[in-house]
Structure formats: structure tokens, C-alpha cells
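Structure at a glance
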Amino acid sequence: MTSSPARLVPAALAAGLLLAAVSAAAPAAADSAPAADCRTNCTTVFDTAGPHTITIPAGIVALQATVSGAAGSPAAAALGLFPDAVGGAGGVSTATLGTGLGGTTLTVLVGGAGGGSAVADAAGGLLVVAGGGGDGGYAGRFELPDQLFAAYPGGAGGAPSAPGVAPGGDGMTFGTGAFNGAGGALAGGAGGTGGANGDAGDASTSSAPGTITLSAGGAGGALSVQDDSFQAGAGGGGYTGGGGGAVALDAVDGGDEIMIDVVGAGGGGSGFLADGLTAVAGEPNTGAGSVTLVWSLPPLPEPEPEPEPEPEPEPQTPVAPAPPAAPTGPQLAETGAEPLPFALGAVLLVAAGAGLVALRRRRTA
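A brief structural summary. (Residues numbered from 1 in each chain as written. Predicted model: local features only at pLDDT ≥ 70, side-chain atom pairs only at ≥ 80, totals over all residues. Heavy atoms only, no water.)

All chains considered together, the criterion is met by 1 disulfide. Across a sulfur-sulfur distance of 2.2 Å, Cys38 and Cys42 are joined as a disulfide pair. The S-S bond linking Cys38 to Cys42 shows a torsion near -105°; that makes this disulfide left-handed. In this structure, Cys38 and Cys42 share a single accessibility class: buried. (Disulfide = S-S within 2.5 Å. Buried < 20%, exposed > 50% of the residue type's maximum accessible area, 1.4 Å probe, protein only.)

For the rest of this paragraph, the subject is the nonpolar core. Ranked by internal contacts, the top residues of the largest apolar core, which has 35 residues, are Ile54, Ile56, Leu97, Val108, Val119 and Leu293. For this core, the secondary structure elements donating two or more residues are β2 (42-46), β4 (62-68), β6 (105-110), β7 (117-120), β8 (126-130), β18 (271-273) and β20 (290-296). Ranked by residues supplied to this core, first place goes to β8 with 5 residues. Leave out the neighbours within four places in its chain, and Ile56 touches Leu63, Leu101, Gly102, Gly103, Thr104, Leu106, Leu293 and Trp295. Counting residues in hydrophobic clusters, the runner-up holds 15 residues, among them Phe142, Val225, Phe230 and Ala232. (Core = buried A, V, L, I, M, F, W, Y, C linked by side-chain atoms within 4.5 Å. Helix = DSSP H or I, 4+ residues; strand = E, 2+ residues; numbered from the N terminus. Contact = heavy atoms within 4.5 Å.)

All right, on to the sheet that holds β4 then. As summarised here, the arrangement of the 5 strands in space is β2-β20-β4-β5-β19, forming an open sheet in which the pairing is antiparallel. The open sheet has two free edges, formed respectively by β2 and β19 (278-281), since each of these has just one partner strand. Here the average twist between neighbouring strands, direction ignored, is 15°. As judged from the 5 bridges shared by β4 and strand β5 (residues 92-96), these two strands associate in the antiparallel manner. (Pairing = 2+ DSSP bridges. Axes fitted to C-alpha atoms, helices over the stretch in contact; angles between N-to-C directions.)

Below, the discussion takes up the pairing of β8. With respect to burial, β8 is a largely interior element, 5 of its 5 residues being buried. The pairing of β7 with β8 spans 4 bridges and is classified as antiparallel. Across the sheet, Ala120 pairs through a bridge with Leu126, a residue of β8. Here β8 pairs with β18 via 2 bridges, running antiparallel. The residue bridging Val128 from the neighbouring strand is Leu273, located in β18.

Taken in spatial order, the 6 strands of this open sheet run β3-β6-β7-β8-β18-β11, and their pairing is antiparallel. At either margin of the open sheet sits one strand with a lone partner, and together these are β3 (50-55) and β11 (164-166). Pairwise comparison of adjacent strand axes, ignoring direction, gives a mean angle of 20° for this sheet. Bridge analysis of β3 against β6 gives 6 bridges, and the strand direction is antiparallel. Each residue of the ladder has a partner; that of Thr55, found in β6, is Thr105.

Residues apart from glycine generally show negative phi values, whereas peptide bonds are mostly found in trans. In this model, Asn41 sits at a positive phi of 50°, which is unusual for a non-glycine residue. By the secondary structure assignment, Asn41 is in the loop between β1 (2-7) and β2. Although it is not a glycine, Phe174 adopts a positive phi angle of roughly 55°. Looking at the element boundaries, Phe174 is found in the loop between β11 and β12 (206-208).

Shown next, in the form of C-alpha cells:
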């Protein structure tokens, strides 16, 4: 709680706007997607309010969804005096969805201000819902002379950590009180009571293939005092909606016979987790709603090693032919005569000698 005495500048007070999560609009693309070749911790983020669809790759080995409901709006009248005024925080839940959803198309719903966020399977079955936070409230004296003493957040959205419904928190104006809207549970949260009662939260969540409609929170009560109007906080949306706060005059005794007027805060919407799933509740979300999906695929097989190339043969240097080997054994002495004429002369000499021998024999006979 933040508090300090101050005067309120009269102004028209705007109610916190709860955007009911209806998926009638055309699905939008993811705000952030993984690379086409991603295989480990591939992350897709949806943070634009409204419906979305996504096809999960076939063959996944893991799939998680972190679903964050949106925070509620701070009390408009208190913002000028309490800059740190806030609405109730949205619930956050990280659910392990398993591998059976690989190759199927999921529906995603991102809540606007105070709205719940959700994921459903291809058949329209809700898997996980995180509730939205309720709008804030404030307290003070509304007519003498329009003083505000403090601003308060709405109830937090439900964040499931086990199958079933996770209740939202009650509005927190002045800690507790009948003027605060109650958080949603199995049924919608009750509205606050006072001079102007708040409405109960809705309990009409439904889903079908490609569409999710979450329950809206109840509207806050409205009351006019003299020339000023006071609007209590609306409840947060979710699996069931939180109740809206009430405007109550002289609701709290501040001591010294000072009665304090209260604009009640809205209750938070409830969360939900389907049977067979496990989840972990995260830190409450003080900002816009979102849904983050993370999956992994099995690693690719190691490529076969390429054979090493054959070494190039080294270039060979041409080798001149070796000279003929020198003849072995005794050699004839060189005479300077050509071999053929010499041989012919020898033949003639032998023939002449043979002729002389034959002639001599004739003579002798």
C-alpha cells in the first residue's frame, strides 16, 4: 500500500477496462518466432492481445508453455496523486505440455488489460489458463474536501501449479473488506458490497477448435457524490472472472471519528490446468499478457566423415637415357680400316689362294 494525504482535483473517473478474451477476430502471427533451422529451445512469443494459432513441428521431444495473464488497470482517479498505483498482477504459469502435440495446431489467447491468457489444443480442449488481475481501488474522504489517502491494487490472477482451478486473489483496498471484489474460483468471484455494489464475475469460459472465450470479470460499482462520480475496480478475467469492487461511504473508521470512503478493487480471475499436465507458478506479472511456447527437436545425426583425397603424385623430372654399356671381353685393335672393305679383301685373297692351289695340282698331274 502507498499512502500520503493529498487533495483530489475533481475529475471524471474512468473505469478500468477489462478486455474480454474473445477469439472471433482472425488469428494473428507470432510476435517473435525461432529461426527455420532451430532444433533446441525454439521459442515463439505472442504478446499482442487477441487470438493466435501456431502449428507445432512434428517429432518434438519437449514442449512448454508459459502463460501470463495481464495485470489490471490502476484506479484512474488515484494516478495523479499516486504515480506508483497499480492494478492487480496477472497470474503466470509454466506448463509442461509433453510431446503428443507435435504436428498439431494450437490456439493461443493473449489477454488485454486485466484479461486472462490461455492455450488450447487442436480439438479445442483447454490446456492452461492464467488469470488476469483486478483493477485497483483507493480510499479517502470524497466530499470534505475530496481527499484521497491511499491507492490499492486489485486481486492477483490465478496461476495454476496443479490440475484444476487456481483461484484469483481478492481486491486489496484497505487490506480486506466487503467492498472488495472476490477472486474467481470454481464460480465467478462475488462482487463487493456497499453504497454501489460490484457485479459478480462471469463463469462462461468455452473453447472449440481455433477459438477460446474466457470469462470476464464483473463490473465495479459506480456512485455519484455531489458533483463527482466514483467508479470501483472491475474484476480480472480468466477461467472464471473476479468480482467487481463496490463504492462504499463511511466504510472504515480511520480513528478520531473520521469515517473513510472506499472505492473497492476488483478480484483477480482464476487460472486452470488440464488433467495430466504439470506446471509451475511463476512471479506475478505486472504488465501486459503474453504466451511463450518453447519446443525442442532431436539433434540431427552426425554427418559421415568425407574420405581424405588421394595425394597428388609429385611431378617426375625427365631422366636422359643412359649411354650404352661398354662392351666386355677382348677387343680387336683398331686398324683405321673400314670393316666391310677389309672383309671383302680377305675373301678375295682366300679365293685367289684356292685357285693357285688348284692350278698347281693340274700341272703336277
